[in-house]
Amino acid sequence: MGVSLRISVLDRSHTRRGRPPGEALRDTVRFAQQAEALGFHRFWVAEHHSVPGVAGSAPTVLAAAVAAATSRIRVGTGGVMLPNHRPLVVAEQFGVLESLFPGRIDMGLGRSVGFTDGIRRALGTGKEAMGDFGAQLAELADWFTGDPLPYAGVHARPAEGLRLPVFVLANDAGADVAARAGAALVIGGLKRQGAALAAIERYRDGFRPSVWWQEPYVVVAGNVAVADTREAALRLLMPEAWALARSRTHGVFPPLVPAEEVAALEMTDRERELYESSLAGHLHGTQEEVAAALADLVRRTGADEVLVTTGSYDRAALLDSYGRLARLAGPAGGVTVPGRPASPDPVPSWT
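Conventions we followed
- Residues numbered from 1 in each chain as written.
- Predicted model: local features only at pLDDT ≥ 70, side-chain atom pairs only at ≥ 80, totals over all residues.
- Heavy atoms only, no water.
- Helix = DSSP H or I, 4+ residues; strand = E, 2+ residues; numbered from the N terminus.
- Buried < 20%, exposed > 50% of the residue type's maximum accessible area, 1.4 Å probe, protein only.
- Polar contact = N/O pair within 3.5 Å; in protein donor to acceptor, adjacent residues only side chain to side chain.
- Salt bridge = Lys/Arg side-chain N within 4 Å of Asp/Glu carboxyl O.
- Axes fitted to C-alpha atoms, helices over the stretch in contact; angles between N-to-C directions.
- Left-handed = near helix turned anticlockwise from the far one by under 90°.
- Contact = heavy atoms within 4.5 Å.
- Parallel < 35°, antiparallel > 145°, perpendicular 65-115°, else oblique.
- Nonpolar A, V, L, I, M, F, W, Y, C, P; charged D, E, K, R; others polar.
- Right-handed = clockwise from strand over helix to strand, strands pointing away.
- Pairing = 2+ DSSP bridges.
- Core = buried A, V, L, I, M, F, W, Y, C linked by side-chain atoms within 4.5 Å.
- Arc of directions from axis to C-beta.
- Phe/Tyr/Trp six-rings, centres within 6.5 Å; stacked < 30°, edge-to-face > 60°.

The residue Arg6 is located in strand β2 (residues 6-11) in this model. Looking at Arg6, the relative accessible area reads 17%, which means it is buried. There is a polar contact of 3.3 Å between the side chain of Arg6 and the side chain of Tyr217.

A complete count under the given rule lists 17 salt bridges for this structure. In this structure, Glu305 engages Arg42 in a salt bridge whose closest nitrogen and oxygen atoms are separated by 2.7 Å. In this pair, Glu305 sits in strand β12 (residues 305-308) while Arg42 sits in strand β3 (residues 42-45), placing the two residues 263 residues apart along the sequence. The exposure class assigned to Glu305 is buried, which follows from its relative accessible area of 1%.

Looking now at the packing of helix α11 (residues 287-301) against helix α12 (residues 315-329). Where α11 contacts α12, the axes come no closer than 10 Å and their chain directions differ by 60 degrees. The interaxial crossing formed by α11 with α12 has right-handed handedness. Contact with α11, carried on its side by Gln287, Val290, Ala291 and Leu294, involves Arg324, Leu325, Arg327 and Leu328 of α12 and no other residues of that element.

Look at helix α1 (residues 21-38) against helix α2 (residues 59-69): their axes get within 9 Å of each other, and the N-to-C directions meet at 40 degrees. Between α1 and α2, the crossing angle belongs to the class labelled oblique. Once α1 is placed against α2, the crossing between them reads as right-handed. Residues Leu25, Thr28, Val29, Ala32 and Gln33 of α1 form the contact with α2, whose participating residues are Leu62, Ala65, Val66 and Ala69. Considering only residue class, the contact of α1 with α2 consists of 7 nonpolar, 2 polar and no charged.

Another aspect to go through is the pairing of strand β6 (residues 105-110). In terms of residue burial, β6 counts as a mostly covered element, since 6 of its 6 residues are buried. Assessed by its sense of winding, the connection that carries the chain from strand β5 (residues 80-81) through helix α3 (residues 87-100) to β6 is right-handed. Both β6 and strand β7 (residues 166-170) contribute to a ladder of 3 bridges, which runs parallel. Bridging from a neighbouring strand, Met107 pairs with Val166 of β7.

The next subject is the nonpolar core. In a soluble, globular protein the nonpolar side chains are often hidden away together inside. Core analysis: the largest hydrophobic core is formed by 99 residues, its most contacted members being Met107 and Leu325. Per element, the largest residue contribution to this core is 8 residues, and it comes from helix α8 (residues 230-250). If we ignore the near neighbours within four places in the chain, the residues touching Met107 are Thr77, Val90, Phe94, Leu140, Phe144, Leu164, Pro165, Val166, Phe167 and Trp212.

As for its position among the elements, Ala32 is in helix α1. Measuring from C-alpha to C-alpha, the distance between Ala32 and Arg157 comes to 28 Å, with 125 residues separating the pair along the chain. The contact partners of Ala32, leaving out residues within four places of it in the chain, are Phe43, Val66 and Thr70.

With that out of the way, let us pick up α2. Of the residues making up α2, those classed as buried are Pro59, Thr60, Leu62, Ala63, Val66 and Ala67. Down the axis of α2, the sector holding all buried residues measures 155 degrees, keeping them to one side. For α2, the exposed residues set more than 90 degrees away from the buried face come down to Val61 and Ala68. Those residues of α2 that are buried lie in contact with α1, β3, β4 (74-77), β5 and α3.

For the rest of this paragraph, the subject is unusual backbone geometry. In this model, Gly78 is joined to Gly79 through a cis peptide bond whose omega is 0 degrees. Of note, Gly79 is situated in the loop between β4 and β5. Arg157 connects to Pro158 through a cis peptide bond whose omega is 10 degrees. As for its placement among the helices and strands, Pro158 is situated in the loop between α5 (133-145) and β7. A positive phi angle, close to 55 degrees, is found at Ser13, a residue other than glycine. Inspection of the secondary structure assignment puts Ser13 in the loop between β2 and α1. Given the relative accessible area of 1%, Ser13 is considered buried.

To continue, consider the packing of aromatic side chains. Describing an aromatic ring pair means giving the distance of the ring centres and the angle of the ring planes. By the definition in use, this model includes 10 aromatic pairs. Between Phe31 and Tyr322, the ring centres sit 5.0 Å apart and the planes meet at 65 degrees, which makes this aromatic pair edge-to-face. Within this pair, whereas Phe31 is found in helix α1, its partner Tyr322 is found in helix α12, the two being separated by 291 residues in sequence. Accessibility assignment for this pair places Phe31 and Tyr322 in one class, buried.

Turning our eyes to something else, we now look at the environment of Arg180. Following the sequence through the fold, Arg180 ends up in helix α6 (residues 175-181). Relative accessible area serves as the criterion here: at 48%, Arg180 is assigned to the partly exposed category. Contact partners of Arg180, with chain neighbours within four places excluded, come to Gly206 and Arg208.

A separate point is the side chain of Thr28. By the element assignment, Thr28 lies in helix α1. Ignoring any residue separated from it by four or fewer positions in sequence, one finds Thr28 in contact with Asp11, Ser13, Phe43, Val45, Leu62 and Val66.

Below, the structure written as structure tokens:
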């Protein structure tokens, strides 16, 4: 007998060509309301700086707007990039969120820094800051527990004494940091699946119970597109795949353009190679095809949850895809995976 797998949503607030960035942020808030109505488990927003194609630069601010516009769905960040901020400020921001919306806030954290030297200088950080991620996580935990205080006489109010789930966004190498920190792991598992499987195994083997989580918890993230046909589902993935290829050849992730324009483009050999690579490895197809692919993914990874990160130019088609995904998941908010043991509750048990 199978059980239900939790499915959640990450929206990056993609901008569309010719439309203002503010519209993308308002679309994110509306999308969160729709995701809640569809029954998804959690809704996360992201942090990007100086990116023309992404409007989400202040995730805790946007998370507050999302939480205020919804009532049941869990809300969080995927993620706040900890090297860009002082841990005290991050603790205070999430303390405010958890105080305003108790029991609904997730603290998702990443170790990335700005994409270019100029962005990193503007943020007051450098590539070397990623190496301090483990220490920053430890300091963040201390601000919430108050034991020990990172700086004598300084308290993170209203965070001190609060507890909320912490997730670390990691690649295969960062999984070890998540394990040592005792955080839940969020990892891209649709591409480079061999590396992801090895990282997940290391995470589970090395997991240390913490103030955040008592047991390991694995979230596999990636693009999932559902439509009447496999070809229609693939079209949903094309705008972001082209934007990624463009960013890797021109240094800037641009606003999304319609799939029809992408299909008609004359790409250079290098652009075509990167574009096709960006399309590969995602789950797309009809509801039946995607349900089977998700069940297979979970059987191989043992994931407790899947975080769907799909973005596209056509908002109506994108919402239709998420609606189809919700319908195949059923009222419990997840796909049925035959023979899979039940996942632990996503809210940690605290000591």
